[in-house]
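For reference, the chains in residue letters:
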Amino acid sequence: MKRYSAFAIAREAIGNHLGWQKAWASPAPKAAYDVIIVGAGGHGLATAYYLGKNHGITNVAILEKGWLGGGNTGRNTTIIRSNYLQDPSAAIYEKSRSLYETLSQDINYNVMFSPRGVMMLAQTHHEVRGYRRTAHANALQGVTTEFITPARVKELCPILNIDGPRYPVLGALWQARGGTGRHDAVAWGYARACSAMGMDIIQQCEVTGVRSEGGQVTGVETTKGAIACKKMGIVVAGHSGQVADMAGFRLPVEAVALQALVSEPIKPCMDVVVMANTVHGYMSQSDKGEMVIGGGTDGFNNYTQRGSFHHIEETLRALIETFPMLSRLKMLRQWGGIVDMTGDRSPIISKTPLGNCFINCGWGTGGFKAIPGSGWAMADLMARGEPGPLAEAFDLWRFKEGRFIDESVAAGVAH
Amino acid sequence: MLTLECPYCGIMADETELSPGYEAHLKRYGPGSTDAEFEAYMFARKNPKGVHFERWRHAYGCGKWFLAARCTATLEVFGTYPAQTSGPPPHIIAAIKARRPGWEAGQ
């Protein structure tokens, strides 16, 4: 694998750009692997990457039913932050955020991490109290955040209307080191790094069955034939319930649609990420100039990857008071993704009832920011067979035992 | 936009007029039940990609809870029925089988 560098660009410019290699290989599946990861989204690819990098396990296949990064990895609003209330959440999201800072250098692929700052507006007195509490919790957790005044909010994001009659801005939780990244590049970069380590990324290969014997997985059946494995990781987000069903266990997960939309591209007007949780909307501006807007989830089980018009109307209606300029903006595209929501709105990184089968799911509406940290923790779990400090609180049995990591109260909204 | 018929009012109600209540026909467990039974009742969900039975409330209408049979993969609605039942009635099962010949109740 040739490295990407300024020198490589100069060399290829001389050679008419004929020497660029494919970023990753697309081999036919082998009969058996040490590890099979189901799902080549960000989390699956990151798991495979850290299995190779941190644990030296490279006889790995990553199976993908569609195309690489075509699920939620390519459908989110690319927000990266770690200002969570609960300690286990703050630990894994902060690990993830810190890995994002050096990810481009680590995998030799520009993921365009942009630590532009994330601002979560407090628009009710309840939110002011909640975010002050989060800022104190973050200080104890070693996550740098602060509660800022409305004047500072206006200074950081001049297009905000802080004096709205219905939703005045009373302050904000500010994480200066949060920001955005290029979602496709995260998947492509990890895929290229995995392929360079000799792992097989197999697209258009849907898992249709899980073979097990005596409480151990022996392999999977796929649309490209049966493949044997010694360990299996399920990292399929919205379809976790389907694959778990094939493996014979049930999850505390419901699949619902979450949608987002972008406006027509305009000149740079906003260089931070703003989340307005009271009105259920969050917004940033992409490098192309589009305003990227995320809304709420549907309230019912849905696998269609489609949005619905009334959610767009609700999201924009609510955001217009806070961002008056939106009223003059045309919306360009909208799309939906299927997110896996758990009972406590926290993820599951866990062993399963099958001894050599592991699952990473339940990231719900906030998975993109967690990709590197989630992969790191999942690789650790799969390599050693036991969860490390980042994953241990996120096990599947916490629902039975009442050890919730309750971020539904802390986040209050899609996160 | 999802449109469901309220079995009490008999009117077609848009999604914006209704409140979703997720999986129907869950068995409710009380004091003396095991941890596993409570977990199954409170958290474990069928979450099927296909035929699903759900609770809905006609929140901005008559206010009553009712149940719906719906496909989560296509958003097709097979029918709605009153909530005072522990399982889907025969005419709903028949409506589902007419559209999904391979489907079996209890899946």
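How each quantity is defined
- Residues numbered from 1 in each chain as written.
- Chains lettered and ligands numbered in written order.
- Predicted model: local features only at pLDDT ≥ 70, side-chain atom pairs only at ≥ 80, totals over all residues.
- Heavy atoms only, no water.
- Helix = DSSP H or I, 4+ residues; strand = E, 2+ residues; numbered from the N terminus.
- Pairing = 2+ DSSP bridges.
- Axes fitted to C-alpha atoms, helices over the stretch in contact; angles between N-to-C directions.
- Contact = heavy atoms within 4.5 Å.
- Buried area = accessible area lost by both parts, 1.4 Å probe.
- Salt bridge = Lys/Arg side-chain N within 4 Å of Asp/Glu carboxyl O.
- Polar contact = N/O pair within 3.5 Å; in protein donor to acceptor, adjacent residues only side chain to side chain.
- Nonpolar A, V, L, I, M, F, W, Y, C, P; charged D, E, K, R; others polar.
- Phe/Tyr/Trp six-rings, centres within 6.5 Å; stacked < 30°, edge-to-face > 60°.
- Buried < 20%, exposed > 50% of the residue type's maximum accessible area, 1.4 Å probe, protein only.
- Lys NZ or Arg CZ within 6 Å of the ring centre and 35° of its normal.
- Core = buried A, V, L, I, M, F, W, Y, C linked by side-chain atoms within 4.5 Å.

Mapped onto the fold, I36 of chain A is located in strand β1 (residues 32-38). Residues I36 of chain A and A228 of chain A, 192 residues apart in the sequence, show an inter-C-alpha distance of 8.4 Å.

Moving on, we get to the sheet that holds strand β4 (residues 118-122) of chain A. Residues and elements named next belong to chain A. Spatially, the eight strands line up as an open sheet ordered β5-β6-β4-β13-β14-β15-β12-β16, and their pairing is mixed. At either end of the open sheet lies a strand with only one pairing partner, and these are β5 (146-148) and β16 (331-342). Each strand of the sheet is rotated relative to its neighbour by a mean of 25°, with strand direction disregarded. In this structure, strand β12 (residues 253-263) lies alongside β16, joined through eleven bridges in antiparallel fashion. When the sheet's bridge partners are listed, A255 is paired in β16 with D340. Along the sheet, helix α8 (residues 309-322) contacts β4, β12, β13 (273-276), β14 (281-285), β15 (291-301) and β16; its crossing angle with β15, the most-contacted strand, is approximately 135°.

Moving on, we get to the interface of chain A and chain B. Taken together, the contacts link 26 residues of chain A with 24 residues of chain B. Around 2200 Å² of area is buried between chain A and chain B when both sides are counted, 56% of it from carbon and sulfur atoms. Looking only at chain A, the three residues that lose the most surface to chain B are F300, N301 and K400 of chain A, adding up to 28% of its buried area. The tally of links between chain A and chain B comes to one salt bridge. The residue E254 of chain A makes a salt bridge to R45 of chain B at a minimum N-O spacing of 3.7 Å. The tally of links from chain A across to chain B stands at eleven residue pairs in polar contact (both at pLDDT 80 or more). Residues of the side of chain A that touches chain B, tallied by class, amount to ten nonpolar, ten polar and six charged.

On to the packing of aromatic side chains. On inspection of all chains with the given rule, the structure shows 15 aromatic pairs over all chains. Ring plane angle 15° and centroid distance 6.0 Å describe the contact between Y100 of chain A and F113 of chain A, whose orientation is recorded as stacked. In this pair, Y100 of chain A sits in helix α3 (residues 87-107) while F113 of chain A sits in the loop between α3 and β4, placing the two residues 13 residues apart along the sequence. Ring centres of F404 of chain A and F43 of chain B lie 5.3 Å apart, and the angle between their planes is 55°; this geometry places the pair in the tilted category. On the criterion of chain membership, the pair formed by F404 of chain A in the loop between α10 (398-401) and α11 (407-411) and F43 of chain B in the loop between α1 (35-42) and β4 (51-57) is interchain, its members lying in two chains. Its relative accessible area of 13% is what places F43 of chain B among the buried residues. Pairwise contacts between aromatic rings join Y49, Y50, Y190 and W376 of chain A into one cluster. In this structure, R192 of chain A is placed above the aromatic ring of Y4 of chain A, and the distance from its NZ or CZ to the ring centre is 3.6 Å.

All names here are of chain A. Here L63 lies in strand β2 (residues 60-63). As for L63 and I202, which are separated by 139 residues in sequence, their C-alpha atoms are 5.0 Å apart. Not counting residues within four places of it along the chain, the set of residues in contact with L63 comprises I36, I37, V38, G39, A40, I202, C205, V207, V220, T222 and I227.

Turning next to the pairing of strand β6 (residues 171-175) of chain A. When a strand is regular, its side chains alternate between the sheet's two faces. Residue and element names in this part refer to chain A. Counting buried positions over the five residues of β6 gives five, a clear majority of the element. The alternating pattern of β6 places G171, L173 and Q175 and A172 and W174 on opposite faces, both of which are buried. Bridge analysis of β4 against β6 gives five bridges, and the strand direction is antiparallel. By the bridge assignment for β6, M120 is matched with L173. Here three bridges tie β5 to β6, and the two strands are oriented antiparallel to one another.

What follows concerns unusual backbone geometry. With glycine set apart, most residues show a phi of negative sign, and most peptide bonds adopt trans. Despite not being glycine, H280 of chain A shows a phi value in the positive range, around 60°. Note on placement: H280 of chain A falls in the loop between β13 and β14. With a relative accessible area of 36%, H280 of chain A lands in the partly exposed category. One non-glycine residue, H25 of chain B, lies in the positive phi region at around 60°. Here H25 of chain B is to be found in the loop between β3 (19-23) and α1. In this structure H25 of chain B comes out as partly exposed when scored by relative accessible area, which is 28%.

With that settled, the discussion passes to the sheet that holds β4 of chain B. Residues and elements named next belong to chain B. Taken together, the four strands give an open sheet; going across it, the order is β3-β4-β5-β6, and neighbouring strands pair in antiparallel fashion. If you trace the sheet from one side to the other, it starts and ends with β3 and β6 (77-82), each paired once. Averaged over all neighbouring strand pairs, the angle between strand axes comes to 30°, with direction disregarded. Looking at chain direction, β3 and β4 are connected through three bridges and run antiparallel. Bridge pairing in β4 places P20 opposite W56.

Time to look at the nonpolar core. For soluble globular proteins, the rule of thumb is that nonpolar side chains tend to be buried together. Residue and element names in this part refer to chain A. Residues I37, L45, I62, Y190 and I349 are the most contacted members of the largest nonpolar core, which totals 51 residues. When contributions to this core are tallied by element, the ones reaching two or more residues are β1, α2 (42-55), β2, α3, α6 (183-196) and α9 (371-384). At seven residues, α6 tops the list of elements feeding residues into this core. Once you skip the residues sitting within four places of it in the chain, Y190 turns out to touch L45, A46, Y49, Y50, L103, I107, I371 and P372. Within the second largest apolar cluster, 30 residues are counted, among which are V207, V210, V217 and C357.

According to the stated counting rule, one finds 23 salt bridges over all chains in the structure shown. E12 of chain A is paired through a salt bridge with R11 of chain A; the nearest N and O atoms lie 3.6 Å apart. Taking the relative accessible area as the measure of exposure, E12 of chain A reaches 5% and is therefore buried. Of the charged contacts in the structure, one is a salt bridge between R70 of chain B and E54 of chain B, with a shortest N-O distance of 2.8 Å. Here the residue R70 of chain B occupies a position in strand β5 (residues 65-71), and E54 of chain B occupies one in strand β4, the gap between them amounting to 16 residues. Here R70 of chain B matches E54 of chain B in class, with each residue buried. When salt bridges that share partners are traced, they join E94, R97, E101 and R177 of chain A into one network.

As far as function goes, none of this settles anything; it's purely spatial.
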